[in-house]
Amino acid sequence: IFHRKLGLDFLQAAALQAMRYMDKYGISREQCAQVVVKNRGNGLKNPCVRFGAELRVEDVLNSEMMAYPITSQEIKPLCDGACALILAKEEKAKRLTNKPLWITGIGQCYDAHNLGDRELAESLALEQAAKQAYKMAGIANPKKELSLVELSEYYAYQELLWTEGLGLCERGGGGKFIDSGATQMRGKMPVNPSGGLLSGKPREVAGLTNVIECVLQLRREAGKRQIYRASKALAHDTDGPCGQYHCVVTLEKGF
């Protein structure tokens, strides 16, 4: 709160984090742009988002620079929306539907508000939140056990950094991870097959829409964006400057 008068908003803070992350681990602007190309392309298959598009890396890098190294295409677009789901105990859920989904793990963690008190190239709060959720869900190896991930990437570089925090690749490996094609819709670990926030998920309900996307995937109701082998999924959301707070939820089929 005492630093807000300095005018450091979320975008400027994100630009500082992006630069630190890129400098420490050799992440390239092209790798960040690939997140936009992938997610906006996935968004074309999702009727619930507004900004699906076919883009090239060059389109992303050549768009208006907002706060270096973040361009206008690398920022979640402005939009609004709403969503809802029904939570019930196991016995009640089985009476309500023949396709129940179980929340198997939940974890959350706050880090310091002051950016100078954190290593911005890493996400310790997300690592802790993920460990809590994995332990509760009995997930020993998320790389092998999860079928897909829906995470909140308010800026393109965050998807790379958050995949590291979730333990899907090693620290500093987010760039190589997307280069490998693993996060594509037909890759080994699809990330944001819905199109993500970059395709226009509403911000204030982003975490809940990620949970709902996981539900649709596990129930085989995701349409053209369906991941057919889906059995376990992870939903994530974040808030605060540079990912100060993270929440992780794991879900799996109950039918």
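Anyway, here's the lowdown on the structure attached to this text. (Residues numbered from 1 in each chain as written. Predicted model: local features only at pLDDT ≥ 70, side-chain atom pairs only at ≥ 80, totals over all residues. Heavy atoms only, no water.)

### Remarks on the environment of Leu161
Along the chain, Leu161 turns up in helix H7 (residues 156–165). Residue classification places Leu161 among the buried residues on the basis of a relative accessible area of 1%. For the pair formed by Leu161 and Gly175, sequence separation is 14 residues and the distance between their alpha carbons is 8.7 Å. Excluding anything up to four places from it in sequence, Leu161 contacts Gln17, Tyr21, Leu120, Ala121 and Glu122. (Helix = DSSP H or I, 4+ residues; strand = E, 2+ residues; numbered from the N terminus. Buried < 20%, exposed > 50% of the residue type's maximum accessible area, 1.4 Å probe, protein only. Contact = heavy atoms within 4.5 Å.)

### Comments concerning helix H1 (residues 10–25)
End to end, H1 covers 22 Å across 16 residues, agreeing with the expected 22 Å (1.5 Å per residue, within 8%). Along H1, the residues classified as buried are Leu11, Ala13, Ala14, Ala15, Gln17, Ala18, Tyr21 and Met22. Looking at the buried side of H1, the elements it contacts are helix H2 (29–43), strand S1 (65–67), strand S2 (70–71), H7 and helix H8 (174–179). At the N-terminal end of H1, a side-chain oxygen is found 3.2 Å from the backbone nitrogen of Leu11, two or three residues along, and the residue is Asp9. Residue Gly26 follows H1 closely and has a positive phi angle near 70 degrees. (Expected span 1.5 Å × (residues − 1). Polar contact = N/O pair within 3.5 Å; in protein donor to acceptor, adjacent residues only side chain to side chain.)

### Some details on a positive patch on the surface
Together, Lys45, Arg186, Lys224 and Arg229 line one region of the surface with positive charge. Examined against the element boundaries, Arg186 turns out to sit in the loop between H8 and helix H9 (206–218). (Patch = residues over 30% accessible without salt bridge, like charges linked within 9 Å, V, L, I, M, F, W, Y side chains within 5 Å. Areas by Shrake-Rupley, 256 points an atom, 1.4 Å probe, with all protein chains shown as cover. Salt bridge = Lys/Arg side-chain N within 4 Å of Asp/Glu carboxyl O. Lys, Arg positive; Asp, Glu negative; His and termini not counted. Charge placed at Lys NZ, Arg CZ, Asp CG, Glu CD.)

### Topic: the nonpolar core
Grouped together as the largest cluster of nonpolar side chains are 49 residues, with contacts concentrated most on Leu146, Val149, Tyr157, Leu166 and Val248. Mapped onto this core, the elements with two or more residues apiece are H1, H2, helix H3 (57–61), helix H5 (124–137), H7 and H8. In terms of residue count, H5 provides more of this core than any other element does, 7 residues in total. Leaving out residues up to four positions away in the same chain, Tyr157 has contacts with Ala14, Gln17, Ala18, Tyr21, Cys32 and Ile70. Core analysis: the second largest hydrophobic core is formed by 14 residues, Leu101, Ala235, Tyr245 and Cys247 among them. (Core = buried A, V, L, I, M, F, W, Y, C linked by side-chain atoms within 4.5 Å.)

### Some words on the pattern of salt bridges
Counted according to the given criterion, the structure contains 15 salt bridges. A salt bridge links Glu159 to Lys38; the nearest nitrogen and oxygen atoms lie 2.8 Å apart. Here Glu159 is found in helix H7, whereas its partner Lys38 is found in helix H2, with 121 residues between them in sequence. Taking the relative accessible area as the measure of exposure, Lys38 reaches 3% and is therefore buried. Within this structure, Arg20, Lys24, Glu119, Glu122, Glu127 and Arg171 form a network of salt bridges that share partners.

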